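Below are the chains, spelled out letter by letter.
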Amino acid sequence: MAASLINFNAGELSPLLRCRCDIEKYASGASRMENFEVLPQGGMRNRAGTEFISEVKDSGKRVRLIPFVFSVEQCYMLEFGDGYVRVWNRETLEQSAEVTVPYACGTLRKLRYVQSADVLYLVHPDYAPARLCRYGETDWRYEEITFTGGPFQEENASGITVTASGKTGEVTLTATEAIFDVPAGGQLFRVTHPNRKSLFEHTFESKKKPDGSCATTESEPFPVKGSWKLTSTGGWYGTVKLKRSFDGGATWADYRSWSSDQSTNISSEGEEAREDVLYKFYMENWREPNDGVIYRCYLNLLVEKYWIHGIVKLNATDGKSATATGTVIDEIGEVTATADWSEGAWDAKNGYPSSICFYQDRLVFAGTKAEPQTVWFSKVGDYHNFEAGTDADEAMVFTLRTNEINAISWILPREEIIVGTEGAEGLIHGLDKNEPLSPSNRKYTPKTAYGSGELPALLVQDCVVFLQRGGEHFREFSYDYATDGYLAPDMSILAEHVLHGGAEEECFKPLPFPGLYFIRADGQMAGFTYERLQNVTAWFRVVTDGAFESCAVLPKGGSDELWVSVKRGGKRFIERFFSRECGSPEDSVFLDCAKRSATGLDHLEGRSVSAVVDGKVIEHLTVTGGKVNVPEGEKVLVGLPYTSVWESMPLEFMGQSGSSHGMVKKMSKATILYDKSLGGKVGLTDGGLEAVDQRKTYHRMDSSVPLQTGEYEFVLPGGYTREEKLTIVQDRPHPLTVLGIAHNQAVAGDI
């Protein structure tokens, strides 16, 4: 006689494990777990139903759901469709705004995003980077981002030269070969010329003004870029100030100052890294000399040779051409030929970034069609500035140097930037890890070589998880202290069938317990309870009368909200899963596409639905004219029914002589332990199911039975057999939480 207690924290296991009762998770695994979800404590419960929010704008086309989270209190769900985005307020469930966007329906799956307060940054390999900004509850705007300083590809290394017809305005660029191929206007092109040494001079001198002041107190403005050296000569009393302007001379700020009592002069140097900066000299506290004496201060500021980067926004060309026209954005240095030129990194020809994140107060982009292994970092604190430089806070471009040129699939910021490519996973970090990432302090180190799928990696608790290339294997990327390295074990190896066909979308729901959800190509949704510290890694499947097509999560109190778009028949709906916490049958939330009303059901017209009216279940209702006929009640829920099914693995065990496989066994009875539940059926998979009767003699027959906690023993008919499986079913719209099953088996012996 063998006795055991089944819990459920292994979730649904692969059919390939039918003979592996020797592994730890076998006894707590299921051959089928459909619409039951695994609890971290080891039990399972039927999943909540979904609340109908709205039909999508165009039911003939698929949509993508993206969360907009300003804070836990201020959240919206974004419905991205064919050329539009609709904004849904989480609290009112009403549409706040609709905005026109360029994304076509078939491209939405490749849309990636990162949020900063009221701004959602959007990237797509076929569209220019953009922002969706919230200016007010009903004022939302889509804005294509205007970047400064590029970014640009590596500078030309050939002998081809380019000549501009002018320095400003509309110009024509002429190359010695046909290098221009601009399918759509807007591509940036940079031409670089050296600026020769420049000397700026000014003299302050006494002019015997009646008030005794210096005749001139300031110089004319002059541009400065690069290294400079300032010297003065002469004899003078006063204070020379060097002022600086970053807005074309509209405002000025003190930069440096020097004072003299006729016995000293100036010798100073510096470097101006910014573009379009103006300097000027200013004299204060000038002392007028005695009669017959002239005070003079001769100032000389020498700017060393530096490079002038002219930028042109090109118009479209008719195929490849040696000439192109465009508009000058940054003034061109000379109209002479130069071999120092480079194309813009992001445009219709070269593609646009496919990944995005924030890291150390930089906005980071990665992976285009032309440069699939390149990562672009903005200037620190200036997210739209990509003018690359050498200072620690300047923008930079970094290309992974690997044996294979595998495109970057995703980037994820932690202490380092974790990078997933189609061939490996690794880290971008500083050579000196105690210093921030900078143009002189950066390195890429590969760590694992599984290859990443196109869906973004997710940060779950303290682990990074990602889908392997193909989308059928789910891995955990984490540091292992024992080996002093990184590992990426397959978290789906015991349930390889659950993601068969690959995942198309994903999301993470932290509360009430950590869970991940994946939309499969067949319209099912795979769920994964992931409480790593308790060794709970359990798969289950969510099915409905329709096909799930998109999913996203919004935070809310102690139970986050899972939103989905679902195709039901010829229509598509936005729905969200109810919070499952209910204290009585009257609060049941176990119907799909449901509304808390017997009217306003036009979205379910002609469908067979069920209703829960003050805890009583009414089945096989047909929606006619947008309503159903049910008794009046204080609490009404009407929606599509669904069934939750759990089937155990074949009930085998390991004995002293090995596995029980091949032995003839019989199970005569079992006991189910449940918590705050109502209804359910239990039995052998190949035998009849028995309803769990929770009605007591003291319960009134004219009212629903309160939720019960306890146990139910049931007798299992049948004789000896080689293989037995237990089944639990909940086909009523009430909660069922099962903590475990106690059972025993009589073994006849080997045959």
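Source: prediction; values computed, not measured. By convention here, each chain's residues receive numbers from 1 onward along its written sequence. The predicted origin of the model limits local features to residues at a pLDDT of at least 70 and limits the giving and counting of side-chain atom pairs to 80 or more, whereas totals for whole chains, interfaces and linings rest on all residues. The side-chain values count all of the structure's non-hydrogen atoms but skip hydrogen atoms and water molecules.

Caption draft 1: Up close: the overall build of the chain. Here a strand is any run of E in DSSP of at least two residues, a helix any run of H or I of at least four, and the numbering for each starts at the N terminus. Counting secondary structure elements, the chain contains zero helices and 59 strands. Its C-alpha atoms give the chain a radius of gyration of 35 Å, clearly above 27 Å, the size a compact globule of 751 residues would have. Based on the C-alpha atoms only, the size of the chain along its principal axes is roughly 125 × 65 × 55 Å. Classification of residues uses two cut-offs on accessible area relative to the type maximum, computed with a 1.4 Å probe and protein chains only: under 20% is buried, over 50% is exposed, and between them is partly exposed. When burial is assessed residue by residue, the chain has 54% of its 751 residues classed as buried. A contact between two residues is defined here by any heavy atoms of the two lying within 4.5 Å. Taking the intrachain contacts of the chain between residues at least 6 apart in sequence as the baseline, contacts between residues at least 24 apart amount to 64%. For accessible areas, the Shrake-Rupley method is used with a probe of radius 1.4 Å. Any residue's cover is judged against the shown protein chains and nothing else. Carbon and sulfur atoms make up 48% of the accessible area of the chain, which totals about 33,000 Å². In this setup the radius of gyration rests on C-alpha atoms only. A globule is expected at 2.2 Å times the number of residues raised to 0.38.

Caption draft 2: Representation of the state of the cysteines. Disulfides are defined as cysteine sulfur pairs within 2.5 Å. Throughout the structure, instances matching the rule amount to zero disulfides. This cysteine, Cys-21, is not joined by any disulfide, and Cys-19 carries the nearest cysteine sulfur, 8.3 Å off.

Caption draft 3: Geometry of the sheet that holds strand 35 (residues 458–460). Two strands qualify as a pair provided DSSP detects at least 2 bridges between them. Overall, antiparallel pairing links the four strands, which are arranged 35-36-37-38 in an open sheet. Either end of the sheet is taken by a strand with one partner, and the two such strands are strand 35 and strand 38 (485–487). Neighbouring strand axes in the sheet, compared pairwise and without regard to direction, differ in orientation by 30° on average. Pairing geometry for strand 36 (residues 463–467) and strand 37 (residues 474–480), over four bridges, is antiparallel. Lines fitted to C-alpha atoms define the axes, with helix axes restricted to the stretch in contact, and inter-axis angles between N-to-C directions lie between 0 and 180 degrees.

Caption draft 4: A look at the layout of surface pockets. Roughly 1,200 Å³ of internal volume is contained in the second largest pocket. Residues are said to line a cavity or pocket when one of their atoms sits within 4 Å of a point; the points come from a 1 Å grid over protein atoms alone, cavities being sets where a 1.4 Å probe fits but cannot get out and pockets being open sets with protein on both sides within 12 Å along at least five of seven lines. As for the second largest pocket, its lining consists of 36 residues, and the residues nearest its centre are Pro-67, Tyr-113, Ala-457, Leu-458 and Leu-459. When residues of the lining of the second largest pocket are traced back to their parent elements, those giving at least two are strand 7 (64–69), strand 11 (112–116), strand 27 (355–359), strand 31 (408–413), strand 35, strand 39 (503–509) and strand 43 (547–554). Gly is placed with the polar residues, together with every amino acid not listed as nonpolar (Ala, Val, Leu, Ile, Met, Phe, Trp, Tyr, Cys and Pro) or charged (Asp, Glu, Lys and Arg). Here the lining of the second largest pocket is composed, by residue class, of 25 nonpolar, four polar and seven charged. Grid points are joined across faces, edges and corners, and a volume is the space filled by probe spheres set on the points.

Caption draft 5: Representation of the pairing of strand 14 (residues 139–144) in the model. Pairing between strand 13 (residues 127–136) and strand 14: six bridges, direction antiparallel. Residue Arg-131 lies in a different strand from strand 14, and its bridge partner there is Glu-143. The turn linking strand 13 back onto strand 14 is made up of two residues.

Caption draft 6: Representation of unusual backbone geometry within the structure. Across the junction of Gly-150 and Pro-151, the peptide omega takes the value 5°, indicating a cis bond. By the element assignment, Pro-151 lies in the loop between strand 14 and strand 15 (162–164). Cis geometry is found at the peptide bond from Leu-511 to Pro-512, where omega equals 10°. Assignment of secondary structure puts Pro-512 in the loop between strand 39 and strand 40 (515–520). A positive phi angle, near 55°, is found at Ala-117, a position not held by glycine. Position of Ala-117 relative to the elements: it lies in the loop between strand 11 and strand 12 (119–124). The backbone of Asp-361 shows a phi angle near 65°, a positive value even though the residue is not glycine. Relative to the helices and strands, Asp-361 resides in the loop between strand 27 and strand 28 (362–366).

Caption draft 7: Focus on the packing of aromatic side chains. Between rings of Phe, Tyr and Trp, where Trp is taken as its six-membered ring, a pair exists when centres lie within 6.5 Å; planes separated by under 30 degrees are stacked, by over 60 edge-to-face, and by other angles tilted. Evaluation of the coordinates by the stated rule reveals 37 aromatic pairs. Ring centres of Tyr-103 and Tyr-127 lie 5.0 Å apart, and the angle between their planes is 80°; on these two criteria the pair is classed as edge-to-face. Taken together, the positions of Tyr-103 in the loop between strand 10 (95–100) and strand 11 and Tyr-127 in strand 13 put the pair 24 residues apart, joining distant regions of the chain. A centroid spacing of 5.3 Å and a plane angle of 85° characterise the contact between Phe-147 and Trp-346, whose relative ring orientation is edge-to-face. Of the two residues, Phe-147 is situated in the loop between strand 14 and strand 15 and Trp-346 in the loop between strand 26 (341–343) and strand 27; the sequence distance between them amounts to 199 residues. For the pair shown, Phe-147 and Trp-346 are each scored as buried. Seen from the ring of Tyr-84, Lys-57 lies directly overhead, with NZ or CZ sitting 4.9 Å from the centre. In this scheme, the term charge over a ring applies when either NZ of a lysine or CZ of an arginine sits within 6 Å of the ring centre and within 35 degrees of the ring normal.

Caption draft 8: Examining the environment of Gln-461 more closely. Residue placement: Gln-461 occurs in the loop between strand 35 and strand 36. The spacing of Gln-461 and Glu-144 is 317 residues in sequence and 34 Å in space, taken between C-alpha atoms. Leaving out residues up to four positions away in the same chain, Gln-461 has contacts with Pro-514, Tyr-530, Glu-531 and Arg-532. Of note is the side chain of Gln-461, whose polar atom sits 3.1 Å from the side chain of Glu-531. Two N or O atoms form a polar contact when they lie within 3.5 Å of each other; inside protein one atom must be a possible hydrogen donor and the other a possible acceptor, and for residues adjacent in sequence the pair counts only when both atoms belong to side chains.

Caption draft 9: Structural view of the sheet that holds strand 25 (residues 323–330). One open sheet holds the six strands; their spatial order is 15-16-25-24-17-26, and the pairing between them is antiparallel. Unpaired on one side and paired on the other, strand 15 and strand 26 mark the two borders of the sheet. Along the sheet, successive strands turn relative to each other by an average axial angle of 35°, direction set aside. Pairing geometry for strand 15 and strand 16 (residues 170–175), over three bridges, is antiparallel. Bridged to Thr-163 within strand 16 is Thr-174.

Caption draft 10: Structural context of the side chain of Ser-550. Mapped onto the elements of the fold, Ser-550 is located in strand 43. The buried category is assigned to Ser-550, whose relative accessible area is 0%. Only 2.9 Å separates the side chain of Ser-550 from the backbone nitrogen of Leu-65, close enough to count as a polar contact. A polar contact is formed between the side chain of Ser-550 and the side chain of Glu-505, at a distance of 2.7 Å. If sequence neighbours within four positions are ignored, Ser-550 has contacts with Val-63, Arg-64, Leu-65, Glu-505, Ile-519, Trp-563, Val-564 and Ser-565.

Caption draft 11: Just empty space enclosed by the protein, in detail. This model, assessed by the stated rule, comprises one cavity of 30 Å³ or more. In this structure, the largest cavity encloses a volume near 220 Å³. Taken together, 20 residues line the largest cavity, and the ones lying closest to its centre are Glu-37, Lys-509, Tyr-517, Phe-577 and Phe-578. Across the lining of the largest cavity, the residue classes tally to nine nonpolar, three polar and eight charged.

Caption draft 12: Spotlight on the environment of Ser-668. Mapping Ser-668 onto the fold places it in the loop between strand 53 (663–666) and strand 54 (669–677). Along the sequence, Ser-668 and Phe-714 sit 46 residues apart, while their C-alpha atoms lie 8.8 Å from each other. Among all residues touching Ser-668, those that are not within four sequence positions of it are Phe-714, Val-715, Leu-716 and Asn-744.

Caption draft 13: Structural view of the nonpolar core. What is meant by a nonpolar core is a set of buried Ala, Val, Leu, Ile, Met, Phe, Trp, Tyr and Cys residues, joined one to another through side-chain atoms within 4.5 Å. Counting 39 residues, the largest nonpolar core has Phe-8, Met-33, Met-525, Leu-562, Trp-646, Leu-726 and Ile-728 as its most contacted members. With four residues, the top contributor of residues to this core is strand 42 (residues 536–542). Contacts of Leu-726, omitting those with residues within four sequence positions, involve Ile-6, Trp-646, Glu-647, Ser-648, Leu-651, Met-667, Gly-683, Leu-684, Thr-685, Phe-714, Leu-716 and Ile-741. In this structure, Phe-222, Cys-297, Leu-299 and Val-303 belong to the second largest nonpolar core, which totals 23 residues.

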